[in-house]
Structure formats: structure tokens, C-alpha cells
Amino acid sequence: MFVNIVLSILIIGCVIYLVLGYFFISSLMKLKIRKSYEKKTVSVCIAARNESKNLRKLLTSLVNQTYPTDLFEVIIADDLSEDNSRKIIREYSSRYSYIKLLEVNNRAEVISPKKNALSNAISISKGEIILTTDADCIVPPTWIESMVSAFYDKDVSLVAGYSEIDLPDWHKASLLHKFEYYDFAALYSAVIGSYALGEGYTCIGQNLAYTREAFDKVGGFEQIKHLISGDDVNLMQIMKKAGLKNVFNFDKASFVKTARIVGWKQLLNQRSRWAWNVKWQAILRPFFFWSITAVMVYYTAGFVLFFLNWKYALIQVAVRTFIEISLFLVSFKYLNVKRSRLLFYPIWAIMMPLLYIITVPMGYLNLFEWYGKKPNKVTRLKRT
């Protein structure tokens, strides 16, 4: 009886996986990239805390932008750093007038320090476009120019971008970092597929832009300020619910690099936080929530089936492999991932379900930290 239940779940899961995979692949293959060459004023707003090891690389990449310096500003909201972060920002701001330090000192009074820091930065910014990244990222010289060009018509309110793991030498990288790199690319294969389909399921604050008008229209972070995380995906879903148009920037000139995870503990913490954000999609974006839930159930059932009937389990593996490899062959070209990385697929395919079987319960049980704080027990989303 139990085996039949698991098999039924897998059959339904396979159908959903096949349908999603087909639509993602076919949409990507028909994709047409649109651009605008209109210049807009831009405010790059970044929240930072104890980032002295990373800030020089980030700020150096920002002062080397191809975009006219009279059309953009950079506001670093330092959230009570205990290292030399503020000193480094002041050093750059003294040399470049468009770089500004904002000292945020009320992190103890708020639930979400990052949203608070970003809100403070946005409140003093002047640009038509708000552009965000993280303090441990490095942006290409064409970043601002490319992200602005993705606002190709007046209806585009939010532009999501890709952030790749900074992995200079794949062959010398550890198993952790290879997995992190590949998993990021695999996740974004589905993400860009959803955007090509016209849905746009999620985004990441490491590479994100939205209009000031859209941010103000939804009340900024007000509806989600009591949620410790989600300054990116939850904001995007609020904009989506308000009927605002979201697109993805497929231009490789916009791709940023982000620092590698330090260790397995940090990876578990990060993925647990992501899982925590997913549960709010049940309210903000039900279809996205149920799609992810179906995939997680599918992976879990496939894992359980190996202990019940290995022959059926192998069929499930074959179906999953066919769908994922087909998607990656198309999506990796857009994400600038070398085709040779597909050789890592068998290792990733085994590790990924195990990782999410662990981190999804951790996320739902609030077992993670974000910006030095743990999530509070929130029962509902606030409404404006």
C-alpha cells in the first residue's frame, strides 16, 4: 500500500516535472532579448555589515562602471559594522563624490536589519532606478548600463539578474564550492525558464533593479518588514500581485559574481533561509509555492522509493535526468556556464535532494540566522 502511494506521488511528480521542463525549454529556445538605450538616473543601494574583507573589491568595481558618473550614485548603508567597513567606505567617498556612506545605528530595534538598512538608503537616494547588490559581490564594468537597458519599456518595473558563484579554478575547487556553483546554476535554469515563460518566479538581491515608482507604489518593504529575510523575492511577489511587470536580464554584461560559501554550515543556513522564504509564497505567489512543493515531494518520494523498489526508483532517476539535462543544455548557454560542467551532474543529482530534505524542515522550523539575527515567529503577512 505504502509503495503504491509513493509510486502515485512519483507519477504525478514526473508529469509536473515534464510539463514544467517542456515549457521552460521551449520558452528559452524562442526567447528574444529586448533592450533600451535610454539613460536613466540610478541609485545603487547596498546594505553592509562587517564586510571589510569584501568592500574594496566591490567599490573598485563600482567606480569602474561604463555608465556616466553624473547619472548614478552609490549609497552604502553600513549596519553598525564592528570592523573597518565604515573607514573603507569613507576612504572611497572622499575620492569619489558619487559614493556615499549612510550610517545605520538602529539594528537592535528592527526585525529585519537588511531591509531596514536598504530602506534608509533608498529614502535618501535620488535615482529613478534602484539597483541592489550585496557587499560580498563584484559587479562587471557594464553592470549599471546593462541593468538599465533591461527596462525596455515603461511597463517594466523590476529587472532580475543572475549572480554566479566566484569560482576562478573549477579543477582546484572543493566539493562544497563545486556543488554550490552548480546548484546556483541549476536553480537559475528554472528561474530563467520561468521568466522566458512570462511568469518570473523569483529573484535575488545580489543583482536586482526596480523603479522608484514601483517601490513606492507597493509601500516599499512595509508589508514584509516584520519578515527577517526576503528583501528580494518577497518584494518582487508584492510587485507582481500589484500587477507590475517583472523581467529577467539575459545580457551576460549584467552578471555579477558573489563570494563562495565558507563551509557546509553556512550552506545549510543559507538554504534553510531560502526554504523559510518559500512558505510565504503560499500567500504571495501560490502557484510558485505549489510548484516548489511538488518538486520537493517528488525528490523526497524518489529518495524513499530506493528503499522500497529500486527498479522503479531507477526509472524515476532516468526521467529526472532526461528532463534536467535537457534543460541545462539550453539554460547553461544563457548563464555562461561551460558545457563541461555537466559532468558534475551525477554528484549534484545525488547531493541536492539530500540537502533540501534537511534544509526545508530547518527553514520551516526557523532554524537559521540572517544578519546576526534569528527569525521571529510570524503567523501572517501584514497588509497595507
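For clarity, every value in this text was computed on a predicted model and none was experimentally measured.

**Student:** Which residues make up the nonpolar core, and what are the values?
**Tutor:** The biggest cluster of nonpolar side chains holds 89 residues, and the ones touching the most others in it are Tyr210, Met239, Phe328 and Trp348. Broken down by element, the residue count for this core peaks at 11 residues, all from helix α6 (residues 175–196). Not counting chain neighbours up to four residues away, the residues in contact with Tyr210 comprise Ile122, Glu128, Ile129, Ile130, Thr132, Phe151, Ser157, Leu158, Phe215, Phe221, Leu235 and Met239. One finds Leu58, Ile89, Ala150 and Val159 within the second-largest nonpolar core, a separate group that totals 33 residues.

**Student:** Help me get a handle on the sheet that holds strand β1 (residues 42–48), residues and values and all.
**Tutor:** The mixed open sheet is built from 7 strands, whose spatial order is β3-β2-β1-β4-β8-β6-β9. Two strands lie at the open edges of the sheet, namely β3 (99–104) and β9 (245–248), each paired on one side alone. Pairs of neighbouring strands in the sheet enclose a mean axial angle of 20 degrees, with direction left out of account. This element, α6, spans β6 (156–160) and β9 of the sheet and lies at about 130 degrees to β9. With respect to the sheet, helix α8 (residues 233–241) is in contact with β6, β8 (208–211) and β9, its orientation differing from that of β9 by roughly 130 degrees.

**Student:** Which residues make up a nonpolar patch on the surface, and what values go with them?
**Tutor:** A cluster of nonpolar side chains, namely Phe2, Phe303, Phe306, Phe307, Leu308, Trp310, Leu314, Val317, Ile350, Leu354 and Ile357, defines an oily patch on the protein surface of about 1,100 Å² accessible area. Secondary-structure elements contributing two or more residues to the nonpolar patch are α12 (310–334) and α13 (345–364). As for its placement among the helices and strands, Val317 is situated in helix α12. The class of Val317 is partly exposed, set by a relative accessible area of 32%.

**Student:** Give a description of α8 that names residues and reports values.
**Tutor:** Within α8, 7 of the 9 residues are buried, which leaves it mostly tucked inside the rest of the structure. By the burial criterion, the buried members of α8 are Val233, Asn234, Leu235, Met236, Gln237, Ile238 and Met239. Gly243 lies just past α8 and shows a positive phi near 85 degrees.

**Student:** Tell me what's going on with the packing of α6 against helix α9 (residues 264–279), and back it up with residues and numbers.
**Tutor:** Running from N to C, α6 and α9 point in directions that differ by 20 degrees, and their axes come no closer than 11 Å. Relative to α9, the element α6 lies roughly parallel. Considering only the axes of α6 and α9, their crossing is left-handed. Residues Leu176, Phe179, Glu180, Asp183, Phe184 and Leu187 of α6 touch α9, and the partners they reach there are Trp264, Leu267, Arg271 and Trp274. In terms of residue class, the contact of α6 with α9 is built from 7 nonpolar, no polar and 3 charged.

**Student:** Describe the sheet that holds strand β10 (residues 256–258), with residues and values.
**Tutor:** Strand order in the open sheet formed by 3 strands is β5-β10-β7, and the pairing between neighbours is mixed. Looking along the sheet, the strands with just one partner apiece sit at the ends: β5 (137–138) and β7 (163–165). The pairing of β7 with β10 spans 3 bridges and is classified as parallel. By the bridge assignment, Ile165 is partnered in β10 with Thr258.

Reading the values: rules and limits
- Each chain has its residues counted from 1, following the order in which its sequence is written.
- Local features in this predicted model are restricted to residues whose pLDDT is 70 or higher, and side-chain atom pairs enter the listing and the counts only when it is 80 or higher, whereas totals over whole chains, interfaces and linings include all residues.
- Hydrogens are left out, water is left out, and the side-chain values use all remaining heavy atoms of the structure.
- We define the nonpolar core as a collection of buried residues of types Ala, Val, Leu, Ile, Met, Phe, Trp, Tyr and Cys that are connected through side-chain atoms lying within 4.5 Å of one another.
- Relative accessible area decides the class of each residue, using a 1.4 Å probe on protein chains only: under 20% of the type maximum gives buried, over 50% gives exposed, and in between gives partly exposed.
- Working definition: helices are DSSP H or I runs of at least four residues, strands are E runs of at least two. Numbering for both runs from the N terminus.
- Here, residues are in contact when the closest pair of their heavy atoms is within 4.5 Å.
- Strand pairing is defined by DSSP finding a minimum of two bridges between the two strands.
- Axis lines are fitted through C-alpha atoms, for helices just across the contact stretch, and the angle between N-to-C directions can take any value from 0 to 180 degrees.
- Two joining distances apply to patches: 9 Å for like charges and 5 Å for nonpolar side chains (Val, Leu, Ile, Met, Phe, Trp, Tyr), and every residue must have over 30% relative accessible area and no salt bridge.
- Accessible areas in this description were obtained via Shrake-Rupley with a 1.4 Å probe; residue shielding takes into account the shown protein chains only.
- Only one rule defines a salt bridge in this text: a Lys or Arg side-chain nitrogen within 4 Å of an Asp or Glu carboxyl oxygen.
- Angle categories are assigned with fixed cut-offs, so that under 35 degrees is roughly parallel, over 145 is roughly antiparallel, 65 to 115 is roughly perpendicular, and the rest are oblique.
- Crossing handedness is defined as follows: a turn of the near helix away from the far one that is anticlockwise and smaller than a right angle gives a left-handed crossing, while the clockwise case is right-handed.
- Amino acids are sorted into nonpolar (Ala, Val, Leu, Ile, Met, Phe, Trp, Tyr, Cys and Pro), charged (Asp, Glu, Lys and Arg) and polar (every other residue, Gly among them).

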